Amino acid sequence: MATLLGSEFSSSGRKRRNCNSNIVTKLTSSKITGKGFNRGTQLPGGLLQERDKPAKWHGIPDLLQKLHESSHPNSDLSHAHSYLKSLSSQLSVEAMSFVTEDRKTAQESTFPNTYTFDLFGGVDLLVEILMRPTLTMQKKKPKMNDELVKDCLSVLYNCCICTEGVTKSLAARDDFVLFLFTLMTNKKTFLQTATLIEDILGVKKEMIQLEGIPNLSGLVQSFDQQQLANFCRILSVTISEPDIGNDDKHTLLAKNAQQKRNACPSRAEVNQVTLLNIPGFIERLCKLATRKVSEATGANFLQELEDWYTWLDNALVLDALMQMATEEAEQSSTESSDESPLATSPLRHRLPQSMKTVHEIMYKVEVLYVLCVLLMGRQRNQVHKMLADFRLIPGLNNLFDKLIWRKYTASNHVVHGQNENLRVLKFSCFCADYLLLNNQELNELSAISMKANIPEVEALVNTDRSLVCDGKKGLLTRLLTVMKREPPDSSFRFWQARAVESFLRGATSYADQMFLLKRGLLEHILLCIIDSGCTSRDVLQSYFDLLGELMKFNIDAFKRFNKYVNTPEKFQAFLTQINSSLVDSNMLVRCIVLSLDRFESQTEDVKVMEVLSECCLLSYVARVENRLSFLFRLINIINVQTLTQENVSCLNTSLVILMLARRKAKLPFYLNALREKEHMEKYPGCLLNNFHNLLRFWQRHYLNKDKDSTCLENSSCIPFSYWKETVSVLLGSDRTSRCAIVSYIDEPFIDLDRDLLED
């Protein structure tokens, strides 16, 4: 066969090229169809050698044949390893080119050696070699050389990043994926294994179930802190819900339908429970997240730090360097599982201090992400208690100035560990309670309550003071400080504002508001909205929401507002920002409407009456035509098909306006105003039909037994029963009722039969 092929294809260059093309075509076809030969080892060696130079295969098919022949069961794998090293040297050059050139799209022409290696069955062969010990019938499994395993894993990873489709084909092999986890028990092959697993799980169609990993608990408990941090990169893929786009942009209609279809817990939720059941897991993560870092400072250090951030974004070498340091350290000393052997490593002392700091920061980023996801899950209460008990918040507070936000004042150059910063901010959003303060600040809250002659909130009274922040400032106060330094459109402002808002969210606490007002937060927010030139909608929305929580029912806050917004020009600029996007500002509008309603009932309070008469904002909202204008637009900018988690607040704000009108027996007036607005715009029935459909959706959405409605009650101080009752009244079918929407729609324009809520 080889002779025939050789004579047939030696007569002309054209035929040689045809032969090369035929081999490639048949190999490619067999990969797709599963028919015919599927790897180069099935082809005659003479043919491969003859075609190697014209096809520019660089001897890879021939080396693969030799690797295959020398890696049979019970063979001496030292020869196989030498062939693999020869292959690895060719492929690693392409892999390094890939990671240092902005991760180009993998193409055959860009990485020909890796493509050829995969085409001729190299990937499948390495998987066979790695898994061969698991296939033996012997009781004592043969042990492969660690260096051979490391090189197999490294070559597979190089193929994954350089050749399209390799990662997906490996991800489709559940047996291989689970097998990889068993290799993580060996510290010498851990890093290569973790890197490959992370890449594979990132493209796997179905999320892996952690409970299927053999002895997962023992595996995790065997990790030292460095390994555990790396393992968190893998865990982040297994506990996060699949990314189907921006959560806020997905319609509630679609989400509700999906929840009906998927009544059982998702794989991500099951995996979260699996992790929480591992003894000591959360405690070790807390220790790792709060472990001290270098005290180094100065201009050179800070510049080096930023350079490392920039460079390491495109290179996968840091862990390898640190592993070299670890291995060197292990030759001279043995450390406990919770201490990093890097501390005494000679190589570690030769590495730049900035690199060591970046290494520690990267670990903390991965750990904090896992904790954030767990805090958002169904077991959030359990996780929150565990994080409090293990003093995570005080630990992060102690690291704040040293690591999380650092500013070199001489050049005014701010250096951010950006991922670390965002993780801390997002973590603060989900862990916002009195643990963010220190003992002195808690005493300040008590003093504010005493001075105002109001009882302390229950959560403050029940706070375990042994778990709060140490030092002169708590984490919340530090966040306020850095928030004021950020540039106007900085994305950090969004998360900073969200973190502070989370502290205020829920049942309104006068003491909490005054604590923040005394630190100039209201003036800072107004500066950002009116005077800073901020154009970021996300930042403005977060500031509007925060301002609403800060001012709600607080007469002192409205007095401060009026003092800052002290000219018609400033007030007009403020209104322009509010009116430019009600989706962003409607929570603030709701706060003002609710506050005005309460203040109007406190006519015996001289201070309240004084502010009511002087505050331009309260006077503006007190005018019924302005409240109606807000109501018209809130209803008009949403419909059932476009409702999302982001804009559903517009529906609830419109309901608040109508509930307060109903309390004062003015609901018919408002409904009639909506009818007149329709006719004026020459769209009779448009607004009211839309509002009717929105309220029908509201009933299905908020009256669902799994839906937590306490947030609506806490944010408005209106009992949820009154919310439900008002919606029922508005949806009444009696056309003679002056409080039913249907009675304000002329019969020819009634369009209430279409059920937009069906799946």
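Residues numbered from 1 in each chain as written. Predicted model: local features only at pLDDT ≥ 70, side-chain atom pairs only at ≥ 80, totals over all residues. Heavy atoms only, no water.

## Regarding the overall build of the protein chain
Applied cut-off: Put simply, DSSP marks the helices as runs of H or I at least four residues long and the strands as runs of E at least two long, and each gets a number from the N terminus on. Relative accessibility under 20% of the residue-type maximum defines a buried residue, over 50% an exposed one, and the middle range a partly exposed one, all with a 1.4 Å probe and only protein chains included. Whether two residues are in contact is decided by their heavy atoms, any of which lying within 4.5 Å being enough. To measure how exposed things are, a 1.4 Å probe is used in the Shrake-Rupley method; for residues, cover is taken only from the protein chains shown.
Scanning the protein chain for helices and strands turns up 41 helices and two strands. Burial statistics for the protein chain: of 759 residues in total, 52% are counted as buried. Counting contacts in the protein chain only where the partners sit at least 6 residues apart, residues at least 24 apart contribute 75% of the total. Entry remark: accessible area of the protein chain is about 35,000 Å², with carbon and sulfur atoms responsible for 51%.

## So, the confidence of the model for the protein chain
Where we set the bar: Residue-level confidence of the predictor is what pLDDT reports, using numbers from 0 through 100.
The predicted model of the protein chain has a mean per-residue pLDDT of 81, with 74% of residues at 70 or higher. Confidence over residues 1-17 falls short of pLDDT 50; this stretch has 16 contacts with residues more than four positions distant or in other chains. Of the regions scoring below 50 in pLDDT, residues 307-318 engages in 24 contacts with residues more than four places distant in sequence or in other chains.

## Structural notes on the environment of Val166
With respect to the helices, strands and loops of the structure, Val166 is situated in helix α9 (residues 166-171). Judged by its relative accessible area of 1%, Val166 falls in the buried class. Discounting chain neighbours no more than four positions away, the residues touching Val166 are Asp118, Val123, Cys159 and Cys160.

## Re the nonpolar core
Threshold: Nonpolar cores were defined as sets of buried Ala, Val, Leu, Ile, Met, Phe, Trp, Tyr and Cys residues, with membership established by side-chain atoms within 4.5 Å.
Grouped together as the largest cluster of nonpolar side chains are 120 residues, with contacts concentrated most on Leu516 and Phe574. Ranked by residue count, the leading element in this core is helix α37 (residues 648-663), at ten residues. Leu67, Leu153, Leu216 and Val220 belong to the second-largest nonpolar core, a separate cluster that totals 83 residues.

## Details of the packing of helix α4 (residues 60-69) against helix α6 (residues 112-119)
Definition in use: Orientation is described by axes fitted as lines to C-alpha atoms, over the contacting stretch for helices, and by angles from 0 to 180 degrees between their N-to-C directions. Orientation labels follow simple angle bins: below 35 degrees gives roughly parallel, above 145 gives roughly antiparallel, 65 to 115 gives roughly perpendicular, and whatever is left gives oblique. Throughout, a crossing is termed right-handed when the near helix is turned clockwise from the far one, and left-handed when it is turned anticlockwise from it by less than a right angle. The nonpolar class holds Ala, Val, Leu, Ile, Met, Phe, Trp, Tyr, Cys and Pro. Asp, Glu, Lys and Arg form the charged class, and all remaining residues, Gly among them, are polar.
It is the contact of α4 with α6, at a shortest axis distance of 9 Å, that shows an interaxial angle of 45°. The angle between the axes of α4 and α6 places the two elements in the oblique class. The handedness of the crossing between α4 and α6 is right-handed. Between α4 and α6, the residues in contact are Ile60, Pro61 and Leu64 and Asn113, Thr116 and Phe117, respectively. By residue class, the composition of the contact of α4 with α6 is four nonpolar, two polar and no charged.

## Focus: the side chain of Asn554
The criterion, for reference: Two N or O atoms count as a polar contact when they lie within 3.5 Å, although within protein this holds only if one can serve as hydrogen donor and the other as acceptor, and sequence-adjacent residues are included solely when both atoms are side-chain atoms.
Take Asn554: it is sitting in the loop between α30 (537-551) and α31 (555-564). In terms of polar contacts, Asn554 uses its side chain to reach the backbone amide nitrogen of Asp556, at 3.0 Å. In this view, Asn554 contacts Tyr510, Gln513, Met514, Leu517 and Phe599; residues no more than four positions away in its chain are not counted.

## Regarding the packing of aromatic side chains
The condition is simple: When the centres of two rings from Phe, Tyr and Trp lie within 6.5 Å, Trp using its six-membered ring, the rings pair. Their planes under 30 degrees apart give stacked, over 60 give edge-to-face, and anything left gives tilted. Look at NZ for Lys and CZ for Arg. If either is within 6 Å of the ring centre and within 35 degrees of the ring normal, a charge sits over the ring.
The final tally for this structure, using the stated rule, is 13 aromatic pairs. Here the aromatic rings of Phe190 and Phe223 are separated by 5.2 Å at their centres, their planes lie at 70°, and the arrangement is edge-to-face. Note that Phe190 is positioned in helix α11 (residues 187-201) and Phe223 in the loop between α12 (216-222) and α13 (225-239), a separation of 33 residues in sequence. No difference in accessibility class separates Phe190 from Phe223, as the two residues are buried. For the ring pair Trp698 and Tyr702, a centre distance of 5.1 Å and an interplane angle of 35° mean the geometry is tilted. Taken as a pair, Trp698 and Tyr702 lie in helix α39 (residues 686-702) at a separation of four residues, close to a single helical turn. Residues Trp698 and Tyr702 agree in their burial class; the two are buried. Taken together, the ring pairs in this structure connect Trp698, Tyr702, Phe720 and Trp723 into an aromatic cluster. Of note, Arg519 hangs over the ring of Phe515, and the distance from its end group to the ring centre comes to 3.7 Å.

## What to know about helix α21 (residues 380-389)
The test is simple: Directions from the helix axis toward the C-beta atoms define the arc.
Those residues of α21 that sit buried are Val383, Leu387 and Ala388. For α21, the angular spread of buried residues about the axis comes to 135°, placing them on one side. Opposite the packed face of α21, turned more than 90 degrees from it, sit the exposed residues Asn381 and Lys385. Of the residues flanking the end of α21, it is Arg391, one or two places downstream, whose phi is positive at about 55°.

## So, the pattern of salt bridges
Rule in force here: Any carboxyl oxygen of Asp or Glu within 4 Å of a side-chain nitrogen of Lys or Arg constitutes a salt bridge here.
Scanning the entire structure with this criterion turns up 25 salt bridges. In this structure, Glu725 and Arg662 form a salt bridge, with 2.5 Å as the shortest nitrogen-oxygen distance. Placement of Glu725 in helix α41 (residues 720-730) and of Arg662 in helix α37 is noted, with a sequence separation of 63 residues between them. Taking relative accessible area as the criterion, Glu725 reaches 42% and is therefore assigned partly exposed. Under the relative-accessibility criterion, Arg662 is labelled buried at 19%. Residues joined in a network through salt bridges with shared partners are Arg498, Glu501, Arg505 and Asp545.

## Topic: the packing of α37 against α39
Packing of α37 against α39 brings their axes to within 11 Å, and their N-to-C directions diverge by 105°. Our classification of the angle between α37 and α39 gives roughly perpendicular. Together, Val648, Leu651, Asn652, Ser654, Leu655 and Leu658 of α37 and Phe691, Leu694, Leu695, Trp698 and Tyr702 of α39 make up the contact between the two elements. For the contact of α37 with α39, the per-class residue count stands at nine nonpolar, two polar and no charged.

## Notes on the side chain of Thr477
If you trace the backbone, Thr477 turns up in helix α26 (residues 475-483). Look at Thr477 and you get buried, because its relative accessible area is 9%. Excluding anything up to four places from it in sequence, Thr477 contacts Glu441, Phe515 and Arg519.

## Some thoughts on the environment of Phe494
With respect to the helices, strands and loops of the structure, Phe494 is situated in helix α27 (residues 491-504). The exposure class of Phe494 is buried, given its relative accessible area of 17%. Phe494 sits 42 residues away from Ser536 along the chain, and the two C-alpha atoms are 9.3 Å apart. The residues contacting Phe494, other than those within four sequence positions of it, are Asp538, Val539 and Ser542.

## Observations concerning the environment of Ile282
Residue placement: Ile282 occurs in helix α16 (residues 281-289). Its relative accessible area of 1% is what places Ile282 among the buried residues. Between the C-alpha atom of Ile282 and that of Leu371, which follows or precedes it by 89 residues, the distance is 8.2 Å. If we skip the residues at most four places from it in the chain, Ile282 touches Leu276, Leu371, Leu374, Met386, Leu387 and Phe390.

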